[in-house]
Amino acid sequence: MPELPEVEVTRLSVVERLRGARIASVTLGKPLRWPLGCKPETLIGRRVADVLRRGKYLWMPLDDAGSIAPAGGLLLHLGMSGSLGFAEGDAAPGPWQHFELATDRGRLRLTDPRRFGAVVWGDRAADGPGSWPSTGRAAALLATLGIEPFDPAFDGAWLRARLRGRRVPIKQALLAGDAVVGVGNIYASEALFEAGIDPRAEAGRIGPLRCERLAAAIRAVLGRALRAGGTTLRDFRDAHGMNGAFQHEAQVYDREGQRCRRCGGVVRRLLQGQRSTYFCPGCQFR
Ligand code: ZN
C-alpha cells in the first residue's frame, strides 16, 4: 500500500514535468473510489500550477484559465495499490488505468488495479496557485488529517497533547492518522521499535520523554524510507516495489521469529485491529 514516503517519491517523480503542463484531454476508465466531481471537459486548456502533497494525497492546483473556469484543482489518492506515471509510446490505457490526463508534457496515468484510488475535483479560494481546496469532498478529505511528520511544529509535546486521554494502544493511535499523518502499518512498527515502546502501551499514558523519542523515531524512519524509495524510483513506477526496498532496512517489520538485530532476542508478531504488528519484547516496553 502506498504510504507517505511512496506518495512523496511519486510526487517528486512527476512534479517537474507536470508544473506548467497544459491539459489537452481527460480520459476516465472504470469508476474509482469517488466520482471526479466535475465535467472532464472543464479541465481542458488549463495548466497544472504545481503538485503538492498532504498526507497520502496529492493536490494539483490548476490555473484558472483566465477566470472562465472555477478555481480549483485535482486531488489524487493512490488507494491500496495505485501508482502514477507517464505513459510511454502511443499505447492506449491498459485495463488497470482508469484515469489519464493528457498534457503537452506527456500523458499522466493512474494505474489502480483495485480501484480504491481516486481523482477528485476540489474548489479552492482564488488566492494563489498554492492554495488548497476549500469546499466540497476534497476539502473534507483533507480536514481530518493530522500534522505532517516533517512539519517543524511536530515534536514530542505535540504528540503528547494529541494522545492525551486516548486509551487505545499506541500502535492504533498512530495508524489513525489524526495525530500525525504518514505512519502506516510498516512505519508504526518500525518507529515504536526505534523508540523502545511496546505497541500495546496505552497511548494516553506515554510520558513526555518517550513521546519525544517517538516523534524523533517517526521522523527518522520516514526519512529513511523516503531515501530508500528515492533509490528505487523506477522499480516503484512499474512494479510498486517501494516497500520492498525499505524492507531490507526494517528492524522488526515482517521479521517474526527472526533474531532482533539489536538485542538478539526473537521478534514477535501480534494482531492489533486486524493488522500485524511486529515488535521485540527485549527492546520495547510499556
Ligand atoms: Zn531486541
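Residues numbered from 1 in each chain as written. Predicted model: local features only at pLDDT ≥ 70, side-chain atom pairs only at ≥ 80, totals over all residues. Heavy atoms only, no water.

S.K.: Looking at this structure, I do not really get the sheet that holds strand β3 (residues 57-62). What am I missing?
M.R.: Strands belonging to one sheet form pairs held by backbone hydrogen bonds; the direction of such a pair is parallel or antiparallel. One open sheet holds the five strands; their spatial order is β2-β3-β4-β8-β9, and the pairing between them is antiparallel. Here the strands that pair on one side only, and so sit at the sheet edges, are β2 (52-54) and β9 (133-135). Averaged over neighbouring strand pairs, the angle between their axes works out to 40 degrees when direction is ignored. Relative to β9, strand β8 (residues 118-124) is paired through two bridges, and the arrangement is antiparallel. Looking at the pairing, D123 lines up with T135 of β9. Along the sheet face, helix α1 (residues 4-18) touches β2 and β3 and points at about 165 degrees away from the line of β2. Sheet strands in contact with helix α2 (residues 136-143) are β2, β3, β4 (72-77), β8 and β9, and its direction is about 110 degrees off that of β9. (Pairing = 2+ DSSP bridges. Helix = DSSP H or I, 4+ residues; strand = E, 2+ residues; numbered from the N terminus. Axes fitted to C-alpha atoms, helices over the stretch in contact; angles between N-to-C directions. Contact = heavy atoms within 4.5 Å.)

S.K.: Just to check I follow, could you spell out the coordination of the zinc ion for this structure?
M.R.: Around a metal, the idealised angle for a tetrahedral arrangement of four donor atoms is 109.5 degrees; for an octahedral arrangement of six donor atoms it is 90 or 180 degrees. Ligation of the zinc ion by protein atoms is provided by C260 (SG), C263 (SG), C280 (SG) and C283 (SG), these donors lying 2.2 to 2.4 Å from the ion. Each donor residue of the zinc ion belongs to the same chain, and together they define the spacing C-x2-C-x16-C-x2-C. Of this pair, C263 sits in the loop between α8 (242-247) and β10 (268-272) while C283 sits in the segment after β11 (275-279), placing them 20 residues apart in sequence. (Donors = N, O, S within 2.8 Å, 3.2 Å for Na, K, Ca; no water.)

S.K.: I tried to follow the domain arrangement of the protein chain on my own but got confused; where do I start?
M.R.: The accessible area lost on association of the parts is a frequent measure of interface size. The domain architecture assigned to the protein chain consists of domain 1 (4-143) and domain 2 (156-279). Taking the mean C-alpha position of each, domain 1 and domain 2 sit 29 Å from one another. (Domains from an automatic or database assignment.)

S.K.: Sorry if this is basic, but what is going on with the sheet that holds strand β1 (residues 23-28) here?
M.R.: Spatial ordering of the open sheet is given by β1-β6-β7-β5, a layout of four strands whose pairing is antiparallel. Across the chains shown, the open sheet's two edge strands, defined by having one partner strand only, are β1 and β5 (83-86). If you compare each strand with its neighbour and ignore which way they point, the axes differ by 15 degrees on average. Of the pairings in the sheet, the one linking β1 to strand β6 (residues 97-103) comprises five bridges and is antiparallel in character.

S.K.: How should the nonpolar core be read in this particular structure?
M.R.: Grouped burial of nonpolar side chains is what soluble globular proteins tend to show. With 38 residues, the main nonpolar core has I170, L174, V180, Y187, I197, L214 and I218 as its most contacted residues. For this core, the secondary-structure elements that each account for two or more residues are α3 (156-163), α4 (170-176), α5 (185-195) and α6 (208-231). The biggest single contributor to this core is α6, with nine residues. The residues contacting I197, other than those within four sequence positions of it, are I170, L192, I206, R210, L214, Q284 and F285. In terms of nonpolar packing, the next biggest core, distinct from the first, is built from 27 residues, L18, A21, L76 and L84 among them. (Core = buried A, V, L, I, M, F, W, Y, C linked by side-chain atoms within 4.5 Å. Buried < 20%, exposed > 50% of the residue type's maximum accessible area, 1.4 Å probe, protein only.)

S.K.: Whenever I open this one, the side chain of S276 confuses me. Can you help?
M.R.: By secondary structure assignment, the location of S276 is in strand β11. For S276, a relative accessible area of 18% corresponds to the buried category. The contact partners of S276, leaving out residues within four places of it in the chain, are K171, N185, R269, L270 and L271.

S.K.: When you look at α5 in this model, what are you seeing that I'm missing?
M.R.: Along an α-helix, residues three or four apart share an orientation, since each turn contains 3.6 residues. Across the eleven residues that make up α5, a large majority, ten, are buried. Those residues of α5 that sit buried are N185, I186, Y187, A188, S189, E190, A191, L192, F193 and A195. Following α5 by one or two positions, G196 has its phi on the positive side, about 75 degrees.

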